[in-house]
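A structural walkthrough
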Amino acid sequence: MTLWLSLCGLILVTAYLLGSFPTGYLAVKLLKGIDIREVGSGSTGATNVLRTLGKAPGAFVLAVDCLKGVIAIALVYLLFKYVDVIPSTVNPEVWQSWLVVLAGSAAVLGHSKSIFLGFTGGKSVATGLGILLTMNWQGGLATAGVFAVVVAISRIVSLSSISGAIAVSVFMILLHQPLPYILFGITGGLYVIARHRGNIERLLQGTEPKLGQKTATETQVPS
């Protein structure tokens with residue numbers, strides 16, 4: 001049991017470190033020589049990279065940040081499939097669901113509170129999408145669909161992210177997912193919404209920028 005718990009703990013630590021990998025920060029630092037946390041929204045996520053560097057770097061950061069979530073959950077699946085040290089007292093189906101949720105939560109936390117960036121980071125949308133696609137691809141695609149529809153209509157990424165964060169819980173319930181997945185959808189969605197509190201204020205004020213526009217506080221770091 002000790003070995004098993006150690007492996008589970010190792011996966012959670014690895015998931016957090018994967019989430020913490022500062023893709024956006026490194027991309028902007030290498031290509032423009034500046035700290036992305038000091039421009040635009042102050043986020044290290046793909047949207048702020050898009051505004052700072054353009055479409056190609058923004059798409060690259062989006063893909064890598066999504067991949068971080070995919071790998072975090074894949075590690076759990078690999079553990080249960082290939083590691084032959086599962087104790088007889090462990091119910092694989094129950095443990096896998098909860099470990100998937102814990103690993104996903106660790107990756108989300110790592111992305112937004114990166115140990116490599118003094119516990120700052122992005123808003124966890126792309127990493128969360130990677131987690132959802134690996135956890136349940138139907139729910140992940142449906143959530144991405146909500147994001148795509150809202151961004152196509154509004155041209156506002158933050159509003160689209162918030163809409164997806166709300167929708168994910170509904171999809172998890174409609175798809176009859178395990179209780180841990182539903183709870184992840186609820187808590188993860190609320191966390192993503194909380195990370196967008198500055199965006200919500202600007203949305204209410206009518207000052208939130210659309211795709212291609214700059215923020216009103218382009219050179220300021222949000223509090």
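Residues numbered from 1 in each chain as written. Predicted model: local features only at pLDDT ≥ 70, side-chain atom pairs only at ≥ 80, totals over all residues. Heavy atoms only, no water.

1. Some remarks on helix α9 (residues 179-195)
For α9, built from 17 residues, the straight-helix expectation of 24 Å at 1.5 Å per residue is met to within 8% by its first-to-last C-alpha distance of 24 Å. Next to the buried residues of α9 lie α4 (55-82), α5 (92-112), α6 (125-135), α8 (157-174) and α10 (197-205). (Helix = DSSP H or I, 4+ residues; strand = E, 2+ residues; numbered from the N terminus. Expected span 1.5 Å × (residues − 1). Contact = heavy atoms within 4.5 Å.)

2. Digging into the nonpolar core
Ranked by internal contacts, the top residues of the largest apolar core, which has 26 residues, are V76, L79, I131, M135, M172 and F184. Broken down by secondary-structure element, the contributors of at least two residues to this core are α1 (2-20), α4, α5, α6, α8 and α9. With residues up to four places along the chain from it excluded, the contact list for I131 reads G69, V70, I73, G104, A107, V108 and F184. Counting residues in hydrophobic clusters, the runner-up holds 9 residues, among them Y25, I36, V39 and A46. (Core = buried A, V, L, I, M, F, W, Y, C linked by side-chain atoms within 4.5 Å. Buried < 20%, exposed > 50% of the residue type's maximum accessible area, 1.4 Å probe, protein only.)

3. Quick word on the UniProt feature "transmembrane region" (unreviewed entry) in the protein chain
The feature "transmembrane region" (unreviewed entry), as annotated in UniProt, sits at residues 59-80, 92-109 and 178-194 in this numbering. Between the C-alpha atoms that bound residues 59-80 there is a distance of 32 Å. The span itself is 100% helix and 0% strand. The annotated region residues 92-109 carries 100% helix and 0% strand content, and the separation between its end C-alpha atoms amounts to 25 Å. (UniProt positions renumbered as here; feature names shortened; annotations may be inferred.)

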